[in-house]
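The chain contents come next:
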Amino acid sequence: MAARQQEPGAEAFLPEKHDLASLRRASAECQGCSLYVHATQTVFGEGTVKARVVFVGEQPGDKEDRAGRPFVGPAGHVFDKALEAVGLDRSDAYVTNAVKHFKFEERGKARLHKRPRPGEIRACRPWLMAELQTVQPRALVLLGATAAQAVLGAEFRVTRDRGRPVPSELAPIVMATVHPASILRAADDAERERAFAEFVADLRSLKRLLDAE
Ligand code: SF4
């Protein structure tokens, strides 16, 4: 409980009237939770306001934290490859994260990803809601359990409900699948190939729903 009191949340940092540019500028100053203290910078979403699909991951990784851009690290490459496989283009997508600052623990020179706490995800939610309100996508795709549960609630299970539409007021099509980083964590090449094929299959379902609109 004490930890939650220390996290005022992002709401107070949001500009009153906003577009993507002003949101991005304002997010750079966010101190809505303590994650801004150790991270390099806010990693806000990226893409056009006309994007048909908004993809939401968990949080920036090491490379994203340094670059200030989402999905540019190894998981971002897997993501791009899967988009290409189903004929979806990044230029038709807006990519962002449920949490905008990198949470990590230091092991020697390495900075290892640390899962954000529910209080931190809650604190950061106003940015994601403002992005969705501004872009108003045809489809919202949640990548991994953290993003899915941040938006669809703690009961949502990606393993059970991945790849199919979920009723939500946030977009006409709302769907969850795994985070591309989970594919990189596969135990061996065979497992990695299988996980990638399943990820592509989920994106193919998304593409079919988009094409049917
Ligand atoms: S993680 Fe989100 S709420 Fe916390 S400081 Fe960063 S932008 Fe603000």
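Shown above is the structure to which this text applies.
Think of each chain on its own: its residues are numbered from 1, step by step along the sequence as written. Selection of residues for local features in this predicted model requires a pLDDT of at least 70, selection of side-chain atom pairs for listing and counting requires 80 or more, and totals for whole chains, interfaces and linings are taken over all residues.

Colleague: Mind showing me how you'd approach the site of the ligand here?
Modeller: Within the structure, the ligand sits among 16 residues, and Cys-30, Gly-32, Cys-33, His-101 and Cys-124 are positioned closest to it. Here the term charged refers only to Asp, Glu, Lys and Arg, the term nonpolar to Ala, Val, Leu, Ile, Met, Phe, Trp, Tyr, Cys and Pro, and the term polar to all other amino acids, Gly among them. Its residues placed into classes, the shell around the ligand shows 9 nonpolar, 5 polar and 2 charged. We count a residue as near a molecule or strand when its backbone-placed C-beta atom lies within 6 Å of that partner.

Colleague: I tried to follow unusual backbone geometry on my own but got confused; where do I start?
Modeller: Glycine aside, the phi torsion of most residues is negative, and most peptide linkages are trans. Backbone geometry places Phe-71, a non-glycine residue, at a positive phi of 55°. Counting from the N terminus, the helices are the DSSP runs of H or I reaching at least four residues and the strands are the DSSP runs of E reaching at least two. Relative to the helices and strands, Phe-71 resides in the loop between α3 (62-67) and α4 (74-86). Judged by C-beta crowding, with 27 C-beta atoms within 10 Å, Phe-71 ranks as buried. Backbone geometry at Gln-136 places phi at a positive 45°, although glycine is not the residue there. Here a residue counts as buried when 20 or more other C-beta atoms sit within 10 Å of its C-beta, as exposed when there are 12 or fewer, and as partly exposed otherwise, the C-beta atoms being derived from the backbone.

Colleague: Before we go on, may I ask you to explain the sheet that holds strand β1 (residues 46-47) in this structure?
Modeller: Strands pair in a sheet through their backbones, by hydrogen bonds, and they do so in one of two ways: parallel or antiparallel. The 5 strands lie next to each other as β1-β3-β2-β6-β7, forming an open sheet whose pairing is mixed. In this open sheet, the two edge strands, each paired with only one partner strand, are β1 and β7 (173-177). In this structure, β1 lies alongside strand β3 (residues 93-97), joined through 2 bridges in antiparallel fashion. Paired with Gly-47 across the bridge in β3 is Tyr-94. In the packing of helix α6 (residues 145-152) onto the sheet, the strands contacted are β2 (53-57), β6 (139-143) and β7, and the crossing angle to β6 comes to about 130°. When DSSP finds at least two bridges between two strands, those strands are taken to pair. A pair of residues counts as a contact when their C-beta atoms, built from backbone coordinates, are within 7 Å of each other. With axes taken as lines fitted to C-alpha atoms, and helix axes fitted only over the stretch in contact, angles between N-to-C directions fall between 0 and 180 degrees.

Colleague: Looking at this structure, how should I read the nonpolar core?
Modeller: Soluble, globular proteins show a tendency: their nonpolar side chains are buried together. Think of a nonpolar core as buried Ala, Val, Leu, Ile, Met, Phe, Trp, Tyr and Cys residues, each tied to the set through C-beta atoms within 7 Å. Ranked by size, the top nonpolar core spans 52 residues in total, and within it Val-56, Cys-124, Val-141 and Leu-142 carry the most contacts. Looking at this core, the elements that each hand over two or more residues are β2, α4, β3, α5 (118-135), β6, α6, β7 and α9 (189-212). The greatest single-element share of this core, amounting to 7 residues, is contributed by α5. The residues contacting Val-141, other than those within four sequence positions of it, are Val-53, Phe-55, Met-175, Thr-177 and Leu-206.

Colleague: Sorry if this is basic, but what is going on with the packing of α4 against α9 here?
Modeller: At their nearest, the axes of α4 and α9 sit 9 Å apart, and the two run at 50° to each other. Taken together, α4 and α9 sit at an angle that is classed as oblique. Considering the relative orientation of α4 and α9, their crossing is right-handed. Between α4 and α9, the residues in contact are Ala-82, Leu-83, Ala-85 and Val-86 and Phe-196, Phe-199, Val-200, Leu-203, Arg-204 and Lys-207, respectively. The class makeup of the residues in the contact of α4 with α9 is 8 nonpolar, no polar and 2 charged. For this classification, under 35 degrees means roughly parallel, over 145 means roughly antiparallel, 65 to 115 means roughly perpendicular, and everything else is oblique. Each crossing is labelled by how the near helix is turned from the far one, with a counterclockwise turn of less than a right angle marking it left-handed and a clockwise turn marking it right-handed.

Colleague: I keep staring at the pairing of β6 and nothing clicks. Help me out?
Modeller: A regular strand carries its side chains on alternate faces of the sheet. Counting buried positions over the 5 residues of β6 gives 5, a clear majority of the element. In β6, alternate side chains face the same way, and those of Ala-139, Val-141 and Leu-143 on one face and Leu-140 and Leu-142 on the other are all buried. Both β2 and β6 contribute to a ladder of 4 bridges, which runs parallel. Looking at β6, one finds that Val-53 is bridged to Ala-139. Pairing between β6 and β7: 5 bridges, direction parallel. Paired with Ala-139 across the two strands is Ile-173, which belongs to β7.

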